[in-house]
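Breakdown of the fold
Spelled out from the first residue to the last, the chains are:
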Amino acid sequence: TCKTYRRTSPHRTHCSSAGFRRPHLNKTPTKAVFTMTETTSSMSTDLTPIISPFLDLHMLFPLLEYMDGNPKITYSSKEIAAARLDLLGPTHMVDYAMDIYKDLNGTSDDAELAKMEKQKQEVYQTLEDLRKRAAAFEEFVTSHKAKLGQKGDWNFKGVLSASGGKVRKETIECYRQLAKFNYDCGDYQAARDMLRIYISLFVNSSEEEGENNYEALSNSATTNLLEALWGKLSCDILLENWEDASSALKAVRTVLEALSNSNRMAPLESLRQRTWLLHWGLFVFWNDRKGLDQMMDLFTTEKYLQVITTNAPHLIRYLTAAVLIGKRRSQSGNKMMRELLRVMSNCNYTDPIIEFVQCLCVKFDFDGAQAKLAECENVLTTDFFLCKQTELFMEEARIFIFENYCRIHSKLRVTDLAEKLAMDPASAERWIVDLIRNTDGLSAKIDWTENTVSISGSNRASVHETILDRTKDLNARSAMLMQNMKNMLEKERERKEAEYDD
């Protein structure tokens with residue numbers, strides 16, 4: 001029996017995952033329309049209504065739960081419960097919907113509850129029907145999978161041939177539909193396990209890890225495979241299997257780009273699915289250990305930069321936060337900051353996090369940066385993805401202010417720095433002492449009598465070093481350009497010789 005229809009707290013998380021739409025289950029965009037009453041000014045920077053059209057409705061439950069439990073986001077509990085009930089409509093989690101309906105409307109036996117009870121019986125009936133129709137393939141997997149895998153025949157053709165007619169294409173399709181149905185019931189683990197077996201048929205591998213064979217995935221790219229990979233990714237995120245989700249994200253991207261590059265996917269559909277990929281990636285990037293580096297690599301790839309600037313400029317918030325947090329930890333931190341500023345100039349979106357960076361790097365307005373830093377803390381604590389990074393972001397932001405302030409001053413008053421850093425003088429003094437002690441290359445000292453900080457050196461690169469850094473690859477680039485020219489001339493020569501021979 002299915003034990004997952006009743007979910008009194010569906011996949012409870014704190015700040016570690018968020019919602020998405022799954023194209024493999026619902027071809028048309030699923031919109032979660034947030035019409036709840038705004039009761040605080042923090043709602044003006046809430047991206048939930050903007051992001052929700054790109055999210056799967058199952059994954060909106062953690063978003064709503066976080067909003068319900070965050071004292072800084074004061075939507076009423078009744079409004080959030082009503083939103084949950086609305087989202088449950090297209091799913092098969094009927095018991096959970098009935099519980100919420102009773103909480104909102106009382107336990108009276110009315111027509112709506114009777115309708116839900118009938119729907120629940122239909123769900124059980126459909127589940128049993130799908131299980132019976134997919135049973136032949138499940139039995140075949142148990143008895144023949146390993147043997148066929150050793151022969152290299154674990155694929156659709158090999159299964160149909162070896163089953164002696166017991167397994168047909170319709171049987172495998174019912175198996176995929178059963179995985180989808182389990183997902184809609186909330187049984188994400190069962191759906192994930194079934195999808196792994198289904199995906200393995202495409203890559204001719206009896207090992208489910210074949211989904212990580214990106215070359216085989218690219219060579220086997222079809223729309224059916226892509227839909228299954230979307231499903232596998234959604235299950236991994238809902239189960240918080242972040243390492244597997246990272247691999248699944250790469251698999252989706254591999255097949256998506258293979259279909260797009262071979263013109264088997266329309267440009268508009270490619271744009272839409274890349275937009276989904278960026279949003280789904282947020283869940284992985286802000287939880288996986290190497291996620292921020294992967295996020296910056298993906299978001300700054302040319303094709304995905306176009307997606308951000310044309311279809312999802314609000315994602316600049318997350319790219320900005322990632323660059324600022326990872327700036328000191330990456331050798332290319334300064335390069336990433338320059339790239340970020342270029343992207344900002346092409347996006348029609350702003351919020352306190354973006355304005356903070358612009359105040360420092362574009363306007364050199366330290367007073368404005370100070371004001372925006374205070375606003376950033378409120379934005380971070382109310383953002384589902386960024387809330388766990390609030391302390392780290394604020395620390396890196398203060399260091400960023402200090403670095404920029406030191407570039408134009410050789411002697412600083414601690415009280416002035418405290419004001420710029422949005423800290424009280426005593427906390428700012430301790431913070432500066434710790435920073436000087438723990439930062440290599442920073443030459444500074446504090447004059448306790450005058451309560452000032454003297455900057456006698458900096459780890460900033462000289463003009464000469466900067467020029468060397470920016471021109472060090474010119475020889476390689478020139479050589480590559482010459483080689484390309486030679487190849488073009490050679491092809492042109494061969495073409496003319498062929499015409500002459502004709």
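Residues numbered from 1 in each chain as written. Predicted model: local features only at pLDDT ≥ 70, side-chain atom pairs only at ≥ 80, totals over all residues. Heavy atoms only, no water.

**Quick look at the overall build of the chain**
As a reminder, the rule being used: By definition, any uninterrupted DSSP run of H or I lasting at least four residues is a helix, any uninterrupted run of E lasting at least two residues is a strand, and each is numbered from the N terminus. With a 1.4 Å probe rolled over the protein chains alone, any residue whose accessible area is under 20% of its type maximum counts as buried; one over 50% counts as exposed, and the rest are partly exposed. Residue contacts are counted whenever heavy atoms from the two residues lie within 4.5 Å of one another. Here, Shrake-Rupley sampling with a 1.4 Å probe gives the accessible areas, and only protein chains in the shown set may cover a residue.
From N to C terminus, the chain includes 23 helices and three strands. Buried positions account for 50% of the 502 residues belonging to the chain. Sequence-distant contacts, at least 24 apart, represent 67% of the contacts inside the chain between residues at least 6 apart. Within the structure as shown, the chain displays about 25300 Å² of accessible surface, and the carbon and sulfur contribution to it stands at 49%.

**Details of the pattern of salt bridges**
For clarity, the cut-off: For salt bridges, the criterion is a side-chain nitrogen of Lys or Arg within 4 Å of an Asp or Glu carboxyl oxygen.
Under the defined criterion, the tally for this structure stands at 21 salt bridges. Between R192 and D244 there is a salt bridge whose closest N-O contact spans 2.8 Å. With R192 in helix α8 (residues 188–200) and D244 in helix α11 (residues 242–261), this pair connects stretches of sequence that are 52 residues apart. With a relative accessible area of 6%, R192 lands in the buried category. The salt bridge partner of R342 is E339, with a shortest N-O separation of 2.4 Å. Here E339 and R342 lie together in helix α16 (residues 333–345), a separation of three residues that amounts to about one turn. Within the structure, one salt-bridge network assembled from shared partners comprises R192, D193, K232, D236 and D244.

**Quick word on the nonpolar core**
What counts is decided by this rule: Nine residue types can take part in a nonpolar core, namely buried Ala, Val, Leu, Ile, Met, Phe, Trp, Tyr and Cys, and a core is a set of them joined through side-chain atoms within 4.5 Å.
Residues F137, W286, F299, Y318, F356 and F393 are the most contacted members of the largest nonpolar core, which totals 155 residues. The leading source of residues in this core is α11, at 10 residues.

**Description of helix α14 (residues 302–311)**
Inclusion rule: Directions are taken from the helix axis to each C-beta atom, and the arc is the one they span.
When α14 is considered as a whole, its buried residues turn out to be Y304, L305, V307 and I308. When α14 is viewed along its axis, its buried side chains cluster within an angular range of 155° and face the same direction. Buried residues belonging to α14 abut α11, α12 (267–285), α13 (291–299), α15 (316–326) and α16.

**A closer look at the environment of M344**
By the element assignment, M344 lies in helix α16. For M344, a relative accessible area of 6% corresponds to the buried category. Put simply, M344 and V357 are 13 residues apart on the chain and 9.9 Å apart in space, counted from C-alpha to C-alpha. Contact partners of M344, with chain neighbours within four places excluded, come to I316, T320, I354, V357 and Q358.

**Some words on the confidence of the model for the chain**
For the record, the criterion: The pLDDT value expresses, per residue, how confident the predictor is, ranging between 0 and 100.
Model confidence for the chain is summarised by a mean pLDDT of 80, while 82% of its residues fall at 70 or above. Segment residues 1–33 is flagged for pLDDT under 50; beyond a separation of four residues in sequence, or across chains, it makes 122 contacts in the model. Below a pLDDT of 50 lies the segment residues 37–41, which in the model reaches eight contacts outside its immediate sequence neighbourhood of four places, other chains included.

**Points about α16**
Heads up, the rule is: Helix span, as expected, comes to 1.5 Å for every residue beyond the first.
Taking 1.5 Å of rise per residue, the 13 residues of α16 would be expected to cover 18 Å, and the 19 Å separating its terminal C-alpha atoms lies within 8% of that figure. Considered for burial, the residues of α16 that qualify are G333, M336, M337, L340, V343 and M344. With its buried residues spanning 120° around the axis, α16 presents them on a single face. Turned more than 90 degrees away from the buried face of α16 sit K335 and S345, all of them exposed.

**Description of the packing of α12 against α14**
Our working definition: Lines fitted to C-alpha atoms define the axes, with helix axes restricted to the stretch in contact, and inter-axis angles between N-to-C directions lie between 0 and 180 degrees. Angular relationships are summarised with four words: roughly parallel below 35 degrees, roughly antiparallel beyond 145, roughly perpendicular across 65 to 115, and oblique for the angles in between. Under the scheme applied, nonpolar residues are Ala, Val, Leu, Ile, Met, Phe, Trp, Tyr, Cys and Pro; charged residues are Asp, Glu, Lys and Arg; polar residues are all the others, including Gly.
Packing of α12 against α14 brings their axes to within 10 Å, and their N-to-C directions diverge by 95°. The orientation of α12 relative to α14 falls into the category roughly perpendicular. Contacts from L271, R274, T275, L277 and L278 of α12 reach α14 at K303, Y304, V307, I308, T310 and N311. Counted by class, the contact of α12 with α14 contains six nonpolar, three polar and two charged residues.

**A short note on the packing of helix α10 (residues 223–238) against α11**
Where we set the bar: By definition, turning the near helix anticlockwise from the far helix through less than a right angle yields a left-handed crossing, and turning it clockwise yields a right-handed one.
Viewed as axis vectors pointing N to C, α10 and α11 meet at an angle of 160°, and their least axial separation amounts to 9 Å. Viewed along their axes, α10 and α11 adopt a mutual orientation that is roughly antiparallel. Handedness of the α10/α11 crossing: left-handed. Judged by residue contacts, T223, L225, L226, L229, W230, K232, L233, D236 and I237 of α10 engage W242, D244, A245, A248, L249, A251, V252, V255, L256 and L259 from α11. The class makeup of the residues in the contact of α10 with α11 is 15 nonpolar, one polar and three charged.

**Topic: a nonpolar patch on the surface**
Our working definition: Candidates for patches are residues over 30% relative accessible area with no salt bridge; among them, like charges are joined within 9 Å and nonpolar side chains (Val, Leu, Ile, Met, Phe, Trp, Tyr) within 5 Å.
Taken together, the side chains of L481, M485 and M488 define a hydrophobic patch exposed on the protein surface, amounting to about 340 Å² of accessible area. Topologically, L481 is positioned in helix α23 (residues 474–501). Take L481: its relative accessible area is 56%, and that puts it in the exposed class.

**Considerations on the packing of aromatic side chains**
Filter applied, for reference: Pairing of aromatic rings covers Phe, Tyr and Trp, the last through its six-membered ring, and needs centres within 6.5 Å; plane angles under 30 degrees mean stacked, over 60 mean edge-to-face, and all others mean tilted. Over a ring means this: the NZ of a Lys or the CZ of an Arg is within 6 Å of the ring centre and within 35 degrees of the ring normal.
Taken as a whole and judged by the stated rule, the model has 13 aromatic pairs. Taking the centre distance of 5.8 Å and the plane angle of 80° together, the rings of F384 and F385 count as edge-to-face. By relative accessible area, F384 is classed as buried at 5%. When its relative accessible area of 7% is taken as the criterion, F385 is described as buried. Ring pairing ties together the aromatic residues Y66, F283, Y318, F384 and F385, which thus form one cluster. Across the ring face of Y304, the terminal group of R274 is positioned such that the distance to the ring centre comes to 5.9 Å.

**What to know about the state of the cysteines**
Our working definition: Only a pair of cysteine sulfur atoms within 2.5 Å qualifies as a disulfide here.
Tallied over the entire structure, the rule returns zero disulfides. Of the cysteine sulfurs around C359, a residue in no disulfide, the closest is that of C376, at 9.4 Å. We classify C359 as buried; its relative accessible area is 6%.

**Considering unusual backbone geometry**
Positive phi is not limited to glycine here, since E240 has a value of about 60°. Counting through the fold element by element, E240 comes out in the loop between α10 and α11. For E240, a relative accessible area of 29% corresponds to the partly exposed category. Located in the positive-phi region is F364, a residue other than glycine, with phi close to 55°. With respect to the helices, strands and loops of the structure, F364 is situated in the loop between α17 (352–361) and α18 (366–382).

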